[in-house]
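Structure at a glance
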Amino acid sequence: MSAHPSTTATLDQAPPAAPSAAAVTPDARISLRGHLRHTGALIRRNLLWIRQDPESMFDAVLFPVVFTLLFVYVFGGSIGQSLGGGQQAYVQYVIPGLMAMMGMNMAQGVGTGFNQDFNSGVMDRFRSLPIGRGSVLFAKIAVELLRMLFATVVLLVVALLVGFDITDWGGLLASVGLSAVFGSALMWVFLTLGVIMKNAQSVQAMGFLVLMPLQFGSSIFAPTQSMPGWLQGFTDYNPLSSLADAARGLMVGGPVAHDLWVTLAWSVALTAVMAPVAIHKFRTKS
């Protein structure tokens, strides 16, 4: 999926200024209140950019529509038969999986957009200002989570139109929250790629190489019982399988506890490792 346009390009239209003494103040000297204020201001600017450029929301609108219709009407009949209920059974199976997939696709877009900001000089402007460096990254993630929630609403509307039956609204909300937690953890990975890769095409290519095996080597689109033994071993450790199965259990019934804790463990581990790396790379990038 192609990345959406950069959502930070409207901070200022003035050319980058030379860093002042205040501009290079370490984050440690900025209070928590200052960080929160900077993050809020950057979130507002990112949202204003989306309002000025509605095309940046095309992926959030089209992805859930295209993938839902594609998998339900192309694969729903055959896979649904294996589930013992035809196309309707497949709708109940695949929709929670697609919800789990939402944060992953949004995460790839945030890395590409972040890289474009560097190459366009927007980040030079940010780093010349006396703002917390982490605030830039937190604002990107916050806005991307809002886009992910919007895409999830679109997905659920399409799901209802193709016959998805929501049996547990509390479980639905819990599934959305779980997908957001895991998606935000993945965003730190792609923000790091956005900093270290040379161009947006490289970030997209790396994302494709990583995400495609994770997507299709999981239980998102089909049960794993018919897969070869070696592939089933891969799916057992694939965090997307755990996320999809947890969302499925929460939304339509079934075991939840194991997959829920595995997903949360992956989310915490990815955030704990990659968030400091992303912030450090952003601070030190020349």
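Not measured: the values here are computed from a predicted model.

1. Examining the packing of helix 3 (residues 86-120) against helix 6 (residues 169-196)
- Relative orientation of the contacting elements helix 3 and helix 6 amounts to 30°, with a least axis distance of 7 Å. Judged by the inter-axis angle, helix 3 sits roughly parallel to helix 6. Crossing handedness for the pair helix 3 and helix 6: right-handed. Together, M99, A100, G103, M104, M106, A107, Q108, V110, G111, F114, N115 and F118 of helix 3 and L172, S175, V176, S179, G183, L186, M187, F190, L191, G194 and V195 of helix 6 make up the contact between the two elements.

2. A short note on the nonpolar core
- Judged by nonpolar contacts, the single largest core of 72 residues is most densely connected at F114, V136, L137 and W188.
- For this core, the element with the most residues is helix 3, which contributes 16 residues.
- In this structure, F114 is in contact with M123, V136, L137, K140, L191, G194, V195 and F282, ignoring residues within four places of it in sequence.

3. Comments concerning the packing of aromatic side chains
- Tallied over the entire structure, the rule returns 8 aromatic pairs.
- Arranged with centres 5.3 Å apart and planes meeting at 35°, the rings of F71 and F75 form a pair that is tilted. Residue F71 and its partner F75 are located together in helix 2 (residues 58-83), separated by 4 residues, close to a single helical turn.
- Using a relative accessible area of 33% as the deciding quantity, one classes F75 as partly exposed.
- Between F114 and F282 the ring centres are 5.7 Å apart and the planes differ by 45°, which places this aromatic pair in the tilted class.

4. Thoughts on the pattern of salt bridges
- Considering all chains together, one arrives at 3 salt bridges under this definition.
- Between R147 and E144 there is a salt bridge, with the nearest N and O atoms lying 2.5 Å from each other. Here R147 and its partner E144 are both found in helix 5 (residues 133-161), 3 residues apart, which amounts to about one turn of the helix.
- Classification of R147 as buried rests on a relative accessible area of 2%.
- Look at E144 and you get buried, because its relative accessible area is 1%.
- Across the pair R248 and D245 runs a salt bridge, and its minimum N-O distance is 2.9 Å. Taken as a pair, R248 and D245 lie in helix 9 (residues 239-252) at a separation of 3 residues, close to a single helical turn.
- Within this structure, D59, E144 and R147 form a network of salt bridges that share partners.

Reading guide: rules and limits
Residues numbered from 1 in each chain as written. Predicted model: local features only at pLDDT ≥ 70, side-chain atom pairs only at ≥ 80, totals over all residues. Heavy atoms only, no water. Axes fitted to C-alpha atoms, helices over the stretch in contact; angles between N-to-C directions. Helix = DSSP H or I, 4+ residues; strand = E, 2+ residues; numbered from the N terminus. Parallel < 35°, antiparallel > 145°, perpendicular 65-115°, else oblique. Left-handed = near helix turned anticlockwise from the far one by under 90°. Contact = heavy atoms within 4.5 Å. Core = buried A, V, L, I, M, F, W, Y, C linked by side-chain atoms within 4.5 Å. Buried < 20%, exposed > 50% of the residue type's maximum accessible area, 1.4 Å probe, protein only. Phe/Tyr/Trp six-rings, centres within 6.5 Å; stacked < 30°, edge-to-face > 60°. Salt bridge = Lys/Arg side-chain N within 4 Å of Asp/Glu carboxyl O.

The values reported here are purely geometric and, on their own, carry no functional implication.
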